[in-house]
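Fold and contact review
Residues per chain are reported as follows:
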Amino acid sequence: MPIFWTEKEHEFIKKLNDELIGKVISQKIIYFKIKNTTEANIYGESKNKILSEGIEIDALVNIQDKVEQTNRTIGYDTKYTLEVFFQKDNIIEKNAEVAPGDYIKYGNIMYEITSCTETKFVFGMPTKSIMIRCDCVSIRESVR
């Protein structure tokens, strides 16, 4: 296992990932940061959220199976989960900061980010991560 990790190796890995994710796999999401929320209720919950303009980002997307289907009075409410991997450098270049509570649009479905973790450590070194993993859940159609 290499002891030293220089900028040259970092750029090499970044170029490989850029080409693989951007040109070969070619999955894109639209990322929305929460700009502001309206007045909250006594539980600290807000009915309306104001989103910033969407940013298109290349990502690896893994669609999970349907999680649950609940019978509402008029129809069914189906929830889907999504696993999204971002390149850490691409997030920095786009001046974005991925955080739980923000939104992602993939296809025609909007998802809310529930958790974010740094993964894909280079040479097993936890200080040298190159990917950010976000777990997402679809939001209700009435909110979209």
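Residues numbered from 1 in each chain as written. Predicted model: local features only at pLDDT ≥ 70, side-chain atom pairs only at ≥ 80, totals over all residues. Heavy atoms only, no water.

Concerning the overall build of the chain
Heads up, the rule is: Note on conventions: DSSP H or I runs of at least 4 residues are helices, E runs of at least 2 residues are strands, and numbering of each starts at the N terminus. In what follows, residue pairs with any heavy atoms lying within 4.5 Å of each other are defined as contacts. Accessible surface area values rest on a Shrake-Rupley calculation with a 1.4 Å probe, where residue burial reflects the displayed protein chains alone.
For the chain, the count of helices and strands is 2 helices and 9 strands. Reading the helices (α) and strands (β) of the chain from amino to carboxyl end gives α-β-β-β-β-β-β-α-β-β-β. Summarising the internal contacts of the chain: among those between residues at least 6 apart in sequence, 57% fall at separations of at least 24. Per element, the accessible surface of the chain, about 9800 Å² overall, is 51% carbon and sulfur.

Here we look at the environment of Thr117
Following the sequence through the fold, Thr117 ends up in strand E8 (residues 109-121). When the C-alpha positions of Thr117 and Asp135 are compared, they lie 8.9 Å apart, and in sequence the two are 18 residues distant. Leaving out residues up to four positions away in the same chain, Thr117 has contacts with Met131, Ile132 and Arg133.

A short note on the state of the cysteines
Joining two cysteines, a disulfide is a covalent bond between their sulfur atoms. Filter applied, for reference: Cysteine sulfur atoms that pair up within 2.5 Å are treated as a disulfide.
Tallying each qualifying case throughout the model produces 0 disulfides. Not engaged in a disulfide, the cysteine Cys116 finds its nearest cysteine sulfur in Cys134; these two sulfurs lie 3.2 Å apart. Cys136 takes part in no disulfide bond, and the closest cysteine sulfur to it belongs to Cys134, at a distance of 5.8 Å.

Things to note about the pattern of salt bridges
In plain terms, the rule: Take a side-chain nitrogen of Lys or Arg and a carboxyl oxygen of Asp or Glu: if they are within 4 Å of each other, that pair is a salt bridge.
Under the counting rule described, the total for this entry stands at 5 salt bridges. Notably, a salt bridge pairs Lys28 with Asp58, separated by 2.5 Å at the nearest N-O pair. Within this pair, whereas Lys28 is found in strand E1 (residues 28-32), its partner Asp58 is found in strand E4 (residues 55-58), the two being separated by 30 residues in sequence. The shortest N-O distance in the salt bridge between Glu83 and Arg133 comes to 2.8 Å. Here Arg133 lies in strand E9 (residues 129-138) and Glu83 lies in strand E6 (residues 76-87), a separation of 50 residues in the sequence. The network of salt bridges with common partners includes Glu83, Arg133 and Asp135.

Quick notes on the confidence of the model for the chain
Convention followed: The predictor reports its confidence for every residue as pLDDT, a score running from 0 up to 100.
Looking at the chain as a whole, its pLDDT mean stands at 78, while 74% of the residues score no less than 70. Within the chain, the element-level pLDDT minimum falls on strand E2 (residues 34-37), averaging 72, and the maximum on strand E7 (residues 103-106), averaging 92.

Notes on the nonpolar core
Spelled out, the test is: We define the nonpolar core as a collection of buried residues of types Ala, Val, Leu, Ile, Met, Phe, Trp, Tyr and Cys that are connected through side-chain atoms lying within 4.5 Å of one another. Only protein chains enter the accessibility calculation, which uses a 1.4 Å probe. A residue is then buried if its area is under 20% of the maximum for its type, exposed if over 50%, and partly exposed in between.
Counting residues in each nonpolar core, the largest one holds 18 residues, and the members touching the most others are Ile29, Tyr31, Phe86, Ile104 and Cys136. Counting residues per element, the ones that place at least two in this core are E1, E6, E7, E8 and E9. Once residues within four sequence positions are removed from consideration, Ile104 is found in contact with Ile29, Ile30, Tyr31, Val84, Phe86, Ile109, Met110, Tyr111, Ile113 and Cys136.

A few points about the environment of Asp102
Operational definition: In protein, a polar contact means a hydrogen-donor-capable atom and an acceptor-capable atom, both N or O and within 3.5 Å, with residues adjacent in sequence counting only if both atoms are side-chain atoms; elsewhere, any N or O pair within 3.5 Å suffices.
Here Asp102 shows up in the loop between helix H2 (88-93) and E7. The class of Asp102 is buried, set by a relative accessible area of 3%. Linking Asp102 and Lys49, residues 53 residues apart in sequence, is a C-alpha distance of 10.0 Å. Non-local contacts of Asp102, meaning those with residues more than four positions away in its chain, are made with Tyr31, Phe32, Lys33, Ile34, Glu97, Tyr111, Glu112 and Ile113. From its side chain, Asp102 meets the backbone nitrogen of Ile34 in a polar contact 3.4 Å long.

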